[in-house]
Amino acid sequence: MKSKYLQHIDSAELRRQAEEIAWVKALMSPESLEGQLPEETRQMLHELRVHQIELEMQNEELRRSQLEVDATRARYFDLYDLAPVGYCTISENGLILEANLTAATLLGVNRISLVKQSVTRLILKEDQDIYYRHLKQLFETGKPQACELRMMKQDGTPFWTLLEATVGKEVNGTSICRVVMSDINKLKTLEKNLIIEKEKAQEATKVKGEFLANMSHEIRTPMNGMIGMAGLLLDTELDNEQRYYVETMQESGEVLHVLINDILDFSKIEAGKLEIKMLDFNLHNVLDNFTTTLSIRAHDKGLNLICTVQPDVPDYIVGDPRRLQQVLTNLVGNAIKFTHQGEVAVNVTIESETDASVVLRFSVQDTGIGIPEDKIDHLFDKFYQVDSSTTRQYGGTGLGLAISKQLVEIMGGEIGVKSEEDKGSEFWFTLSVTRQQEHEITKLQSSVNRHVTHGVSANYVKILLAEDSIINQKVAQSMLKKLGFQVDIVSNGKEAIKALKMNPCDLVLMDVQMPEMDGLEATRLIRSPDSGVLDRSVPIIAMTAHVMTGDREYFIEAGMDDYISKPVSFESLEEMLGKWFKMQPEEKTKDSSPAGDTLKTAEPLVLDREILFKNTMGDKDLSRELITLLLQEIPKMIELLKESIDKGEVSDASFHVHKIKGSSANTGCMALSGVAARMEEVGKMGKLDEIAVIIPELERQFELLMSRLKDAKDYILD
Ligand code: ADP
């Protein structure tokens, strides 16, 4: 029954449904209804269909766009979450609105727990100020802000972060802050380590410097004893063999001394510790100083040392006189060393000039062995010598030019060389200096005058020697006595002051490093108004081996007047004291004359006491003996010379002039020796008549020598 009923329903329903489908189909294809529908309806149906198709297409497009948006969103979230930096958005009142995964990982929390949390709670208390300051500025100025501070992980571990923040707006118009957080903990640790390493390196350099300074002191003190004692030993009676040994010992000591100085200078330059001091000085004096020392060496080799300064070169300039002298001494020393005949010429000119400064050009030209072209490029390298046999033949370390180059460059100049093998070389360097102010010139002149006022005879001069080492005391005392000075000895600064309160003295030789009270402190006290010493302005000469921290100008700044380097040699002591006490009136005038176009040939002196004393080690008796002998011998030699000229014997004549040249040079009679040397030169060319022409000049020089010796009788021949 039931099925019958169902059948009935089904068929009716099915029929209805079939009709509906047919109707829809017909609707979907209006052509099929052709003729059944009115034209108007058919048209509408057609348009509806077109619309439907369009909608379907748009729908498809929207679906695709949605897919793309979904993919981009997914990508963005991947990037946002996995970015190597933390990212979060913060509300104006400092609450985190959202954060990426990296931010959560950095802070060691889960991301959800970050939301609505106050940022302040994540920042180390000590650094919260930094955060507030920058946040305030960010909202006030709208400008991006960045700061480094320490945040905390959930477990309280602090870590360094770099926060970079910009201001933005929410959809509802409220301001927000977008913050990028970078973990800079590693960088900070590295930075901290670097600072520690740098401090360690600086400390090591300091220790190295101090070590060098101490070593230099330790090496120089016994060297001082050795060289000084060898000098004194040479003064005693020795046979030839013994003299040879002692002389070798002394020479080796001096070589070692130079070597140590060079190495110390070089280490100082390499450690960037070499200081250039800008001081007011007189160029004229610097040139005088170094030509005086080197002219002896030049004379020993029969060379002329000429120093010319162009008239427009300023005398009173600002620069580092000590370093200038060091470079000049290196270059001229080399020129003398590598020249066998002819001359060494130093020339100072102006290369360029502005209102404020002058670029000076110093040139050192020689007629020596020259340098092969292919070696020139390496000349200024350290430890370089043109050929390995140089050291054996000429000595040296190969450091001189390297040091000179560094010094010139530190002083802002340039150095160079032109050379031709077997013809000679020209080493040159430039130096930018400034002219001194007018009042500074006056100051300098008055200090020069002060030196001059101390011109008295050595016999009446009392020197106070402050020196703690007994060996050094003995060496200096013997030398001073040999030079004819009276000496009082004390062994520290305190004793020096005590002595100066009780006994007047003309000059103090003050060791710098002494126990109880060092030389610098003692000097300061002596100069102070309430020192209580008899003469507060007594000249004080520093004696020091401490080259790392001290130099002439440094001691002068401390109130000392001059500086002498240890080990103190007889020559340097004589030269120094000569500067203070032995200036003869005519020498003074010569000194204070303007430089002009001076031709400072270290013009041979009629009697060069320095050379005489050098050769006799200051022994007055021996000096007297030698001079007396010379005065007897020279007339005989001149007679023999005249005879050989009469006989036309060039080689005999040359022999005699050679003898005259040698014996007069050995006794410091340099002018006479110079004339004889000229005669010898023309003799070598076989020009007998030219020798004869010079004889009257030779005789005149001899007469001049005799009269000069009479003047100097008190000093040498008393
Ligand atoms: P040192 O003279 O102590 O060996 P330097 O650095 O002063 O060291 O000189 C390096 C080398 O340059 C010398 O060994 C020498 O070969 C060469 N030299 C320097 N000056 C001259 C010069 N005026 N004439 C010839 N050669 C020179």
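Reading the values: rules and limits
Residues numbered from 1 in each chain as written. Predicted model: local features only at pLDDT ≥ 70, side-chain atom pairs only at ≥ 80, totals over all residues. Heavy atoms only, no water. Helix = DSSP H or I, 4+ residues; strand = E, 2+ residues; numbered from the N terminus. Buried < 20%, exposed > 50% of the residue type's maximum accessible area, 1.4 Å probe, protein only. Areas by Shrake-Rupley, 256 points an atom, 1.4 Å probe, with all protein chains shown as cover. pLDDT = per-residue confidence, 0-100. Contact = heavy atoms within 4.5 Å. Phe/Tyr/Trp six-rings, centres within 6.5 Å; stacked < 30°, edge-to-face > 60°. Near = heavy atom within 4 Å. Polar contact = N/O pair within 3.5 Å; in protein donor to acceptor, adjacent residues only side chain to side chain. Nonpolar A, V, L, I, M, F, W, Y, C, P; charged D, E, K, R; others polar.

A. Structural detail: the overall build of the chain. Tallying secondary structure elements over the chain gives 24 helices and 17 strands in all. Sorting the 718 residues of the chain into buried and exposed places 42% on the buried side. As displayed, the chain has an accessible area near 39,800 Å², and 54% of this comes from carbon and sulfur atoms.

B. Highlighting the confidence of the model for the chain. Summarising the model, the chain shows a mean pLDDT of 80, and 84% of its residues fall at 70 or more. Per-residue pLDDT stays below 50 along residues 1–6; that stretch engages in 0 contacts with residues further than four places along the chain or on separate chains. Overall, residues 439–457 carries pLDDT values under 50, and its contacts beyond four positions in sequence, including any with other chains, amount to 24 contacts.

C. Region of the structure containing the packing of aromatic side chains. Enumeration over the complete set of coordinates arrives at 8 aromatic pairs. Seen from their ring centres, Tyr-244 and Tyr-245 are 6.0 Å apart, and the 55° between their planes marks the pair as tilted. Their ring planes at 75° and their centres at 6.3 Å tell us that Phe-380 and Phe-427 sit as a pair that is edge-to-face. On the criterion of sequence distance, the pair formed by Phe-380 in the loop between β10 (357–366) and α10 (389–394) and Phe-427 in strand β12 (residues 424–435) is long-range, its members being 47 residues apart. Summarising the burial analysis for this pair, Phe-380 and Phe-427 share the class buried. Members of the aromatic cluster, connected to one another through ring pairs, are Tyr-76, Phe-77, Tyr-80 and Tyr-87.

D. Representation of the environment of Leu-233. Tracing the backbone shows Leu-233 in helix α6 (residues 185–234). Note on Leu-233: relative accessible area 38%, which makes it partly exposed. On a C-alpha basis, the gap between Leu-233 and Val-246 in space is 7.4 Å, while along the polypeptide they are 13 residues apart. Leave out the neighbours within four places in its chain, and Leu-233 touches Leu-238 and Val-246.

E. Geometry of the site of the ligand. Taken together, 21 residues lie near the ligand, and Asn-334, Asp-366, Gln-385, Thr-397 and Leu-401 sit nearest. One of the side-chain nitrogen or oxygen atoms of Asn-334 is found 2.7 Å away from an oxygen atom of the ligand. The side chain of Lys-337 places a nitrogen or oxygen atom 3.0 Å from an oxygen atom of the ligand. For the ligand, whose unbound accessible area comes to 530 Å², protein coverage reaches 97%. Those elements giving two or more residues to the shell around the ligand turn out to be α9 (321–337), α11 (400–410) and β12. Per element, the largest residue contribution to the shell around the ligand is 3 residues, and it comes from α9. In terms of residue class, the shell around the ligand is made up of 10 nonpolar, 9 polar and 2 charged.

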